Each structure stands twice: as C-alpha cells, then as structure tokens.
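# Fold and geometry: a report
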Amino acid sequence: MIRNRTACSLTASQHRRGYTLVELTIAVGISGILVSGMMSSLFIALKASDSTSGTAAVTRNAHQVVAQMTAELQFARTIPANSTNSITVTVPDQDGDTVAETITWSWSGTIGAPLTRRFNGGPTVNMIDSIELFLPVRMPATGPTDYVLIELRVTSDSNTTIQTAAPLTNTP
C-alpha cells in the first residue's frame, strides 16, 4: 500500500499546473531584453531619418505657409489686388498702430522661384524657396461668403500640391 501512495503522489506532482516564480522571473527578464533591443534599434532608425531636411520638411513648411495665408485671408477686409500669381489683402490692425495692414503674397511665375510675402510695404520675405505654381483665385459667393481658392505646388521630389479654400469672413 505504501508503494501505491508514492506512485499516486508522483503522478499528481507530475501534473502540476502553473509556473513557478523563478520561471516567470526568467521569462520577464528575457522579454525585457528583447523589448529594449527593439526600442534601441527603433531609436537608431529614427535618428538616422532626419525629418528636418528633405521632402518631409519642404512639405511641412508648405503646409504651415498655406495655413498662415489662409488665416490672413479669412480676416481680410478688402482684396485690392488679385492676379494669376499674386494676391494683396487688407487685414485689421496687427501691430497696434490702429491702421489696417496690407499683406501681399506673390510668385514671379517662374518655376523654381520663391513664394514671397510682403507686410505693409516692408521687405519681401521668401516664405517657400522654390515653387512650381501659386494660383490664388477669388471665387464668388455660393453661400454666405466669398472665398479664395489657393493652389500651391512645391518644387521637390515629392511633387506636393496643396489646395485649400479660405472663406472671406470680413469682406463686404
């Protein structure tokens, strides 16, 4: 009978359920090493792909310039000049002198030339160094306000074209 008890207890211990604390600790340690290795390789890859240069930076800059232009157009009181490659707007006072500001966005029409911005007749500032197309078109109101449709194509490997419509909320 004693032999039967021993045989039964061996069989029960052979069919144990779960993992021991040592096994779990080893598994967590190995997982930690694998995750840290993957994270370090991801970090190295991110450092290698410098997003401050190249087509990503050009595209990001173009989007920021179009956002600035759209914001200025939305607050335009008047649009004294609008041609194929240029638009001039008058916006409310921004520098505290109680006089409305005049902003001109223009492009020479030559592929590779810069998109420029001029504030109150001051110096012309290059906003984007090289573009292929700048087309600001004032559209008549189809609803409560007129809007300006802007198409901008940036000269780069990505051939980025940005189109947006800016509602003219302050123009009569």
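Here's a quick rundown of the structure. Since this is a predicted model, take the numbers as computed values, not measurements. (Residues numbered from 1 in each chain as written. Predicted model: local features only at pLDDT ≥ 70, side-chain atom pairs only at ≥ 80, totals over all residues. Heavy atoms only, no water.)

## Re the overall build of the protein
Convention followed: Secondary structure elements follow DSSP: runs of H or I of four or more residues count as helices, runs of E of two or more count as strands, with numbering from the N terminus. Under the scheme applied here, a residue whose accessible area is under 20% of the maximum for its type counts as buried, over 50% as exposed, and between as partly exposed, the area being computed with a 1.4 Å probe on protein chains only. Contacts: residue pairs with any heavy atoms within 4.5 Å of one another. The Shrake-Rupley method, run with a 1.4 Å probe, gives the accessible areas here. Residue values count only the displayed protein chains as cover.
When helices and strands are tallied, the protein shows 3 helices and 8 strands. Its helices and strands taken in sequence order, the protein reads α-α-α-β-β-β-β-β-β-β-β from the N to the C terminus. For the protein, the residues scored as buried account for 25% of the 172 residues in total. In the protein, once contacts between residues fewer than 6 apart in sequence are set aside, the share between residues at least 24 apart is 35%. Looking at the protein as shown, the accessible area adds up to about 11,200 Å², and 60% of this sits on carbon and sulfur atoms.

## So, the sheet that holds strand 7 (residues 147-154)
Defined as follows: Pairs of strands are assigned from DSSP output, requiring at least two bridges between the strands. Note on geometry: axes are C-alpha line fits, over the in-contact stretch for helices, and angles between N-to-C directions span 0 to 180 degrees.
The 3 strands lie next to each other as 6-7-8, forming an open sheet whose pairing is antiparallel. Among the strands making up the open sheet, the edge pair consists of strand 6 (131-139) and strand 8 (161-167). For this sheet, the mean angle separating the axes of adjacent strands, direction not counted, is 10°. Of the strand pairs in this sheet, strand 6 and strand 7 are connected by 8 bridges, and their pairing is antiparallel. Within strand 7, the residue paired with Pro-136 across the bridge is Ile-150. Sitting on the sheet, helix 3 (residues 55-74) touches strand 6, strand 7 and strand 8, and the angle it makes with strand 8 is about 15°.

## What about the pattern of salt bridges?
It is possible for side chains bearing opposite charge to pair when their charged atoms get close. Here is the rule we go by: Salt bridges, as used here, are contacts in which a Lys or Arg side-chain nitrogen is within 4 Å of a carboxyl oxygen on Asp or Glu.
Applying the stated criterion across every chain yields a total of 2 salt bridges. The residue Arg-117 makes a salt bridge to Glu-72 at a minimum N-O spacing of 2.6 Å. Note that Arg-117 is positioned in strand 4 (residues 115-119) and Glu-72 in helix 3, a separation of 45 residues in sequence. Here Arg-117 and Glu-72 have matching classes, each one buried. For Arg-153, the salt bridge identified is with Glu-151, shortest N-O distance 3.8 Å. By relative accessible area, which is 25% here, Arg-153 ends up partly exposed.

## Focus: the sheet that holds strand 3 (residues 101-107)
The strand order 1-2-3-4-5 describes an open sheet built from 5 strands, whose pairing is antiparallel. Every other strand in the sheet has two partners, leaving strand 1 (78-83) and strand 5 (124-128) as the edge strands with one partner each. Strand-to-strand, the axes of this sheet are offset by a mean angle of 20°, without reference to chain direction. Inspection of the sheet shows strand 1 paired to strand 2 (residues 86-91) by 4 bridges, in the antiparallel sense. Counted as the bridge partner of Thr-78 is Thr-90 from strand 2. Helix-sheet contacts for helix 3 involve strand 2, strand 3, strand 4 and strand 5, and the interaxial angle to strand 5 is about 125°.

## Quick word on a nonpolar patch on the surface
Selection rule: For patch building, the residue pool is restricted to those with more than 30% relative accessible area and no salt bridge; the joining distance is 9 Å between like charges and 5 Å between nonpolar side chains (Val, Leu, Ile, Met, Phe, Trp, Tyr).
Taken together, Val-22, Ile-26, Ile-30, Leu-34, Val-35, Met-38, Met-39, Leu-42 and Leu-46 make up a surface patch of nonpolar side chains, about 910 Å² in accessible area. One can find Ile-26 in helix 2 (residues 21-48).

## Here's the deal with the side chain of Thr-104
For clarity, the threshold we go by: Side-chain atoms alone can form a polar contact between residues adjacent in sequence; in general such a contact is a pair of N or O atoms within 3.5 Å, and within protein one must be able to donate a hydrogen while the other accepts it.
Examined against the element boundaries, Thr-104 turns out to sit in strand 3. Here Thr-88 takes part through its side chain, which lies 3.0 Å from a polar atom of the side chain of Thr-104. In this view, Thr-104 contacts Ser-86, Ile-87, Thr-88, Thr-116, Arg-117 and Arg-118; residues no more than four positions away in its chain are not counted.

## Description of helix 3
To keep it simple, the criterion reads: Every helix has an expected span of 1.5 Å times one less than the residues it contains.
With 20 residues, helix 3 extends 28 Å from end C-alpha to end C-alpha; this agrees with the ideal 28 Å at 1.5 Å per step. For helix 3, the complete set of buried residues consists of Ala-57, Thr-59, Ala-62, Val-65, Val-66, Met-69, Thr-70, Glu-72 and Leu-73.

## Some words on the nonpolar core
Taken as a class, soluble globular proteins show a tendency for nonpolar side chains to be buried jointly. Short version of the rule: The nonpolar core is taken to be a set of buried Ala, Val, Leu, Ile, Met, Phe, Trp, Tyr and Cys residues, with the residues joined through side-chain atoms within 4.5 Å.
Counting residues in each nonpolar core, the largest one holds 26 residues, and the members touching the most others are Leu-73, Ile-87, Val-89, Trp-105, Leu-115, Phe-134 and Leu-152. Taken together, the elements giving at least two residues each to this core come down to helix 3, strand 2, strand 3, strand 5, strand 6, strand 7 and strand 8. Here this core takes 5 residues from helix 3, the largest share from any one element. Excluding its chain neighbours within four sequence positions, the residues that come into contact with Leu-115 are Val-65, Met-69, Trp-105, Ser-106, Trp-107, Val-125, Asn-126, Met-127, Ile-128, Ile-131, Phe-134 and Leu-152.

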